Amino acid sequence: MTAPAAPSTRRIAVAAPHPAALDAASEAVAAGGDAIDAALAAATALTVVYPHQCSIGGDLVALVRRRGQPVVAVVSAGAAPAGIDVAALAQHDRMPRQGAQTVTVPGVVAGWQAIDALGGRLGLADPLTRAARFAADGVPVSAGLGRAIAVRTDELHADPGMREVFTDDAGALLAEGDPLVQPALAATLTELAADPGAMYRGRIAASITARLRALGGTHTEADFAAHDAEIVEPRGTTIGGARWWVAPPPTQGVVLLGILPEALAGGSEHGTATAATADLVDAVHRAALVRQAELGDPRGGSIDVAAMLDPRDSGRVGALPRAGRALGDTVAVTAADSDGTVVTLIQSVYQLFGSGILDPGTGVVLHNRGSAFSTDPAHPAHVGPGLRPPHTLLPVIAETDDLVLGLGCQGGSAQPWILAQLARDLVAAGSDPDEVLGRPRFVIGARDLGHEVMTLVAEPGSEDAIAAADALGLPVARTDGPVDEAGHVQTVRLHADGHLDAASDPRADGRAVVLDAH
């Protein structure tokens, strides 16, 4: 990309799935913050207002681009505890869907610290204090959180910590518009505002690990103290005049790179778009099978990255067990600064309300990322002490001569397929990102989408994808309208002339803003 012209007023664009996140980002920018500060302000707020999708008890993966510097990846994916009973888990066909055995060390707070160290101006004290205020004062239950509560009724009633937070004085579960007040979380966030490292030692770690051990886990304070976020080189490729970056394994970023050739093909001529969609559906189906067979943690042994980067004609028929639906699993925040900084940050509790465990002593909802492990010791994603499960989080940065794109989404295992349907048009400088995000989409999956076999789930208007699935003999499930499973995409773009635009997915509760920076 050519250097953007210096605008008369420096500006920052932010997209996030909840209005409170945008309010927090606006406060950070008004206080003199940059795009990193805006992203962190939004991210901290989301752990309070969107507890079904993210929490300080979850994980984080991000990409950060600073002007004149290489793109870097922040991978703060926690590991299984040192004492995990691998032999006992190997007696089962798959990992449990929820519960203490599915909790790996939460990486979100360490991830925030790593991102802040890359160039934030304000530090973490202000955003964490603001998030604590949201938790103490209460926020209205959003439409998305209300849907999640209705889906997870039994799990929320079953756990004492969840029940305390998500029911009213009469014992009824909260609904859209009800106040969500979290005093224990407010106290924890206040403690973290003074020292973010307190997440991994002292009272907070002791409370969480004691709760997990009481529920059958093997977690110790030493497991928490051992965690650190990694700042690593991303995986990159150049296709169709654009340079693309994703985080490396154990994230699934390389899976997206493997289908970009089909994603970036196509056109508007009669018949071309239909053929391009058919090619993409075929590539997605192949890539899904290869990912299931090959994605894992490089710490646990070699993984076949080359197969995921080129899934065509692989012949693989992978069978990594996926435990339950991934609906509502993640939040993405994207931010871009006219100074050249672009941030795409994703944090997650994995599936709705994660492990189904909320530690009453800290107010922290704990993720179930460990449910994505395989119990097969020969699988690249095998469970083991100190290993990380295969990760769905997929932040993306792309750069052309015309713009820099920051992109991310909710969508579990379907994130590569969701982003692939948007990639070609979002790197076209003349496109309208709101229109692109509002188009119908398809996703492909099995248990993660509520199906026992690989199935294409199609929103209304996805007729080309449905026809392609039929030709492949792939089952199709049609939806009545836009659905959460098709992703909550957030995007920002910094154009070569210095102007910014942004969009937030209409399937979520959020919005996008472009702010004047002072």
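What you see is a predicted model, and the numbers here were worked out from it, not measured in a lab. (Residues numbered from 1 in each chain as written. Predicted model: local features only at pLDDT ≥ 70, side-chain atom pairs only at ≥ 80, totals over all residues. Heavy atoms only, no water.)

Asker: Hey, could you run me through unusual backbone geometry in this one?
Answerer: Trans peptide bonds make up the majority, and among non-glycine residues the majority have a negative phi. Here the residue pair proline 249 and proline 250 is connected by a cis peptide bond, since its omega of 20° sits within 30 degrees of zero. The residue proline 250 is located in the loop between strand S8 (242-246) and helix H12 (253-263) in this model. The phi dihedral of tyrosine 350 falls on the positive side, at around 75°, and the residue is not glycine. Exposure remark for tyrosine 350: the relative accessible area of 2% places this residue in the buried category. Of note, the phi angle at phenylalanine 353 is positive, near 60°, even though the residue is not glycine. Mapped onto the secondary structure, phenylalanine 353 falls in the loop between strand S10 (342-348) and strand S11 (357-359). (Helix = DSSP H or I, 4+ residues; strand = E, 2+ residues; numbered from the N terminus. Buried < 20%, exposed > 50% of the residue type's maximum accessible area, 1.4 Å probe, protein only.)

Asker: Can you help me understand the confidence of the model for the protein chain in this one?
Answerer: Caution is warranted with low-pLDDT regions, since their predicted coordinates should not be read in detail. A residue-level look at the protein chain finds 94% of positions with pLDDT of 70 or above and a mean pLDDT of 92. In the model, residues 267-271 has pLDDT below 50 throughout and makes three contacts with residues more than four positions away in sequence or in other chains. Ignoring residues within four places in sequence, the model shows residues 318-328, a span with pLDDT below 50, making 54 contacts including any to other chains. (pLDDT = per-residue confidence, 0-100. Contact = heavy atoms within 4.5 Å.)

Asker: How should I be thinking about the sheet that holds strand S1 (residues 11-16) in this particular structure?
Answerer: In a beta sheet, neighbouring strands pair by backbone hydrogen bonds and run either parallel or antiparallel. Pairing is antiparallel in the open sheet, where seven strands are placed in the order S6-S3-S2-S10-S9-S1-S20. Taken across any chain shown, the strands that pair with only one partner, and hence form the sheet edges, are strand S6 (230-232) and strand S20 (511-516). Here the strands of the sheet are splayed against their neighbours by 15° on average, with no regard to which way each runs. Pairing of strand S2 (residues 59-65) with S10 involves seven bridges; the strand directions are antiparallel. Within S10, the residue paired with arginine 65 across the bridge is valine 342. Packed onto the sheet, helix H2 (residues 35-49) meets S1, S2, strand S9 (330-337) and S10 and runs at close to 160° relative to S9. (Pairing = 2+ DSSP bridges. Axes fitted to C-alpha atoms, helices over the stretch in contact; angles between N-to-C directions.)

Asker: Help me understand helix H10 (residues 203-214), please; the structure alone is not making it clear to me.
Answerer: Spacing of three or four residues puts side chains on the same side of an α-helix, whose turn is 3.6 residues. Under the 1.5 Å per step criterion, the end-to-end length of H10 is 16 Å for twelve residues, consistent within 8% with the ideal 16 Å. Among the residues of H10, those classed as buried are Ile204, Ala205, Ser207, Ile208, Thr209, Arg211 and Leu212. Close packing links the buried residues of H10 with helix H8 (160-166), helix H9 (183-194), helix H11 (221-225), S11 and strand S12 (364-366). Following H10 by one or two positions, glycine 216 has its phi on the positive side, about 100°. (Expected span 1.5 Å × (residues − 1).)

Asker: In this structure, what is going on with the nonpolar core? I would like to understand it.
Answerer: Where a protein is soluble and globular, its nonpolar side chains tend to be buried together. Ranked by size, the top nonpolar core spans 87 residues in total, and within it Ile56, Trp112, Ile115, Ile149, Phe166, Leu189 and Phe353 carry the most contacts. By residue number, the principal contributor to this core is H2, which donates twelve residues. When residues no more than four places from it in sequence are discounted, the contact partners of isoleucine 115 are Ile36, Leu40, Leu60, Ala62, Val64, Val74 and Leu345. With 58 residues, the next largest nonpolar core counts Leu256, Cys409, Trp417 and Ala423 among its residues. (Core = buried A, V, L, I, M, F, W, Y, C linked by side-chain atoms within 4.5 Å.)

Asker: I would appreciate a short explanation of the pattern of salt bridges in the present structure.
Answerer: Any two side chains of opposite charge can pair if their charged atoms end up close together. The tally for this structure, following the rule as stated, stands at 26 salt bridges. Of the charged contacts in the structure, one is a salt bridge between aspartate 337 and arginine 10, with a shortest N-O distance of 2.7 Å. Of this pair, aspartate 337 sits in strand S9 while arginine 10 sits in the segment before S1, placing them 327 residues apart in sequence. Taking the relative accessible area as the measure of exposure, aspartate 337 reaches 0% and is therefore buried. Residues arginine 493 and aspartate 501 are paired through a salt bridge, measuring 2.9 Å at the closest nitrogen-oxygen approach. (Salt bridge = Lys/Arg side-chain N within 4 Å of Asp/Glu carboxyl O.)

Asker: It is not clear to me how the packing of helix H1 (residues 19-30) against helix H5 (residues 125-137) should be interpreted in this structure. Could you clarify?
Answerer: When two helices pack together, their arrangement is given by the angle between the helix axes and by the axis-to-axis distance. Close contact between H1 and H5 brings their axes to 11 Å; oriented N to C, the two are set at 145°. The chirality of how H1 crosses H5 is right-handed. Across the interface between the two elements, Ala20, Ala24, Glu27 and Ala28 of H1 pack against Arg130, Arg133 and Phe134 of H5. Grouping the constituent residues of the contact of H1 with H5 by class yields four nonpolar, no polar and three charged. (Left-handed = near helix turned anticlockwise from the far one by under 90°. Nonpolar A, V, L, I, M, F, W, Y, C, P; charged D, E, K, R; others polar.)

Asker: Can you help me understand the environment of alanine 62 in this one?
Answerer: Relative to the helices and strands, alanine 62 is located in strand S2. The buried category is assigned to alanine 62, whose relative accessible area is 0%. Expressed as a C-alpha distance, the spacing of alanine 62 and valine 396, which sit 334 residues apart in the sequence, is 8.4 Å. Contact partners of alanine 62, with chain neighbours within four places excluded, come to Val72, Ala73, Val74, Ile115, Thr344, Leu345 and Pro395.

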